[in-house]
Amino acid sequence: MGKIFFVKVMEGDVAVPRGIMGILRQKMIEHFTSQKQGVKTVNPLTEMAKTMARELRDMASLTTNKAWNIQGYDQGITVHTYTHPTTQKLITRGQALINHPIGNVIQFLLSPVCKQYMQDDNEIDEIIEQIDEETTISYVKTKKSKKTMMVAARDFVLLGCKTKMEDDSYVIAARSIDYNYSGPDKEAVRGHLYDSGWVLTPVGENKDKTQAVFVSHCDPKISVPDFVLNGILTNKAFNVKCLRDGFLAYLKDNKTN
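Since the structure is predicted, the reported quantities are computational estimates derived from the model, not experimental observations.

Participant: For this particular structure, what's the right way to read the overall build of the protein?
Facilitator: For the protein, the helix and strand inventory stands at six helices and 13 strands. Taking all 257 residues of the protein together, 40% fall into the buried category. Of the contacts made within the protein by residues no fewer than 6 positions apart, 56% connect residues no fewer than 24 positions apart. Working note: accessible area of the protein is about 15,800 Å², and carbon and sulfur atoms make up 53% of it.

Below, the structure is given as structure tokens:
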């Protein structure tokens, strides 16, 4: 039998075999070392979301990403597109200038009234799990639309991130994620969203204006000719127009009321 050690525990002594004593000693060392160093466990989804935000910001940049091809300029909106080399899906980019500070635009974009003013086409948009202050998992279901040839609704389970970057830009990003949630509509078709979302940047001499960019990279799982699908996807770039016009309408209503 191995050597016995006696350990003082509360009111009495407890006999502890030598092997167990070694394990206890190691655990105590690990505990106090972690306390001293302030070790924190980071959720891998948090790290994934931060990486997604950085990659979306870089992808949205016309300077960093040379793949963008300009498609046109309409009603103050500049539209760029390119086909992703891996997914072979069209990525669209819409850009607009909003003559108001970025803080006001962000506040509007994150507010509940935003959907009303932007004519949001989602029937359901709800958080399933709050990972941390900036990171969520959400369920989104679009409305049925004959206009886009999608007779059945599309739904998505998304990892989302809303964060301020080190260059003072603000990113709202989302991508599809494997998650055990089927959603309430059993007839909805599960689409796939690649890195997509908003990149807002303060611009102007006094940074009193906002450059708003919306990037969409999506596979809606619809069987139509490519030119039809690309037309549908290109229209997503005009979400940035919905933001600009919706924000201005919101300001007008609130001044009136």
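Participant: Sorry if this is basic, but what is going on with the pattern of salt bridges here?
Facilitator: Pairs may arise between side chains of opposite charge once their charged atoms sit close together. Under the criterion given, the structure shown has 15 salt bridges. The salt bridge partner of Lys 115 is Asp 125, with a shortest N-O separation of 3.7 Å. Placement of Lys 115 in helix α4 (residues 114-117) and of Asp 125 in strand β6 (residues 122-130) is noted, with a sequence separation of ten residues between them. On the basis of relative accessible area, Lys 115 is assigned to the partly exposed category, the value being 39%. Here Arg 244 makes a salt bridge to Asp 245, at a shortest N to O gap of 2.9 Å.

Participant: Looking at this model, I keep getting lost on the side chain of Lys 141. Mind explaining?
Facilitator: Residue placement: Lys 141 occurs in strand β7 (residues 135-142). Residue Lys 141 is classed as buried on the basis of its relative accessible area, which comes to 8%. A polar atom in the side chain of Lys 141 sits 2.9 Å from the side chain of Asp 185. Those residues within four positions of Lys 141 in sequence are excluded, and the remaining contacts are Asn 122, Glu 123, Ile 124, Ala 153, Arg 154, Asp 155 and Asp 185.

Participant: I tried to follow the pairing of strand β13 (residues 209-219) on my own but got confused; where do I start?
Facilitator: Strand residues, when the strand is regular, have side chains that alternate between the two faces of the sheet. Where burial is concerned, most of β13 is hidden: nine out of the eleven residues are buried. The pairing of strand β5 (residues 90-98) with β13 spans eight bridges and is antiparallel. Within β13, the residue paired with Ala 96 across the bridge is Ala 212. Pairing analysis gives two bridges linking strand β11 (residues 192-193) to β13, with the strands arranged antiparallel. Residue His 192 lies in a different strand from β13, and its bridge partner there is Asp 219. Inspection of the sheet shows strand β12 (residues 196-203) paired to β13 by seven bridges, in the antiparallel sense. Its bridge partner being in β13, Pro 202 is matched across the sheet by Thr 210. Between β12 and β13, which pair antiparallel in sequence order, lie five residues; one of them, Gly 204, sits at a positive phi of approximately 100°.

Participant: What is the right way to read helix α2 (residues 44-60) from this model?
Facilitator: Every α-helix winds through 3.6 residues per turn, so residues three or four apart in the chain are directed the same way. Helix length check: α2 (17 residues) gives 24 Å between terminal C-alpha atoms against 24 Å at 1.5 Å per residue, within 8%. For α2, every residue scored as buried is listed here: Leu 45, Thr 46, Ala 49, Met 52, Ala 53, Leu 56, Arg 57, Met 59 and Ala 60. All buried residues of α2 lie within an arc of 165° about the axis, which places them on one face of the element.

Participant: Explain the packing of aromatic side chains here, please?
Facilitator: Two aromatic rings, taken as a pair, are described by how far apart their centres are and by the angle between their planes. Tallied over the full model, the rule gives seven aromatic pairs. Taken together, a centroid distance of 6.3 Å and an interplanar angle of 65° make the contact between Phe 108 and Tyr 117 edge-to-face. Judged by centre distance (4.8 Å) and plane angle (55°), the rings of Trp 198 and Phe 214 are tilted. One end of the pair, Trp 198, is in strand β12; the other, Phe 214, is in strand β13, with 16 residues separating them in the sequence. Taking the relative accessible area as the measure of exposure, Phe 214 reaches 11% and is therefore buried. Members of the aromatic cluster, connected to one another through ring pairs, are Phe 108, Tyr 117, Phe 247 and Tyr 250.

Participant: Help me understand the side chain of Thr 136 in this model?
Facilitator: Its place among the elements puts Thr 136 in strand β7. Residue classification places Thr 136 among the buried residues on the basis of a relative accessible area of 14%. Dropping the residues within four chain positions of it, Thr 136 is found in contact with Ile 127, Glu 129, Gln 130, Ile 131, Leu 158, Leu 159 and Gly 160.

Participant: Is there a simple way to explain the nonpolar core in this structure?
Facilitator: Proteins that are soluble and globular tend to have nonpolar side chains buried together. Core analysis: the largest hydrophobic core is formed by 24 residues, its most contacted members being Leu 56, Met 59, Leu 159, Val 171 and Val 215. Put simply, the parts of the chain that give this core at least two residues each are α2, β7, β8 (154-164), β9 (170-176) and β13. Discounting residues that sit within four places of it in the chain, Val 215 has contacts with Leu 56, Met 59, Ala 60, Trp 68, Ile 91, Thr 92, Arg 93, Asp 195, Ser 196 and Gly 197. Membership of the second largest hydrophobic core comes to 21 residues, among which are Phe 108, Cys 114, Leu 200 and Phe 247.

Participant: Explain the environment of Ala 152 here, please?
Facilitator: With respect to the helices, strands and loops of the structure, Ala 152 is situated in the loop between β7 and β8. Given a relative accessible area of 24%, Ala 152 falls into the partly exposed group. Setting aside residues up to four positions removed in sequence, Ala 152 forms contacts with Lys 144, Glu 187 and Val 189.

What counts, and where the lines are drawn
Residues numbered from 1 in each chain as written. Predicted model: local features only at pLDDT ≥ 70, side-chain atom pairs only at ≥ 80, totals over all residues. Heavy atoms only, no water. Helix = DSSP H or I, 4+ residues; strand = E, 2+ residues; numbered from the N terminus. Buried < 20%, exposed > 50% of the residue type's maximum accessible area, 1.4 Å probe, protein only. Contact = heavy atoms within 4.5 Å. Areas by Shrake-Rupley, 256 points an atom, 1.4 Å probe, with all protein chains shown as cover. Salt bridge = Lys/Arg side-chain N within 4 Å of Asp/Glu carboxyl O. Polar contact = N/O pair within 3.5 Å; in protein donor to acceptor, adjacent residues only side chain to side chain. Pairing = 2+ DSSP bridges. Expected span 1.5 Å × (residues − 1). Arc of directions from axis to C-beta. Phe/Tyr/Trp six-rings, centres within 6.5 Å; stacked < 30°, edge-to-face > 60°. Core = buried A, V, L, I, M, F, W, Y, C linked by side-chain atoms within 4.5 Å.

Note that every value here comes from positions in space, so none of it alone points to a role or purpose.
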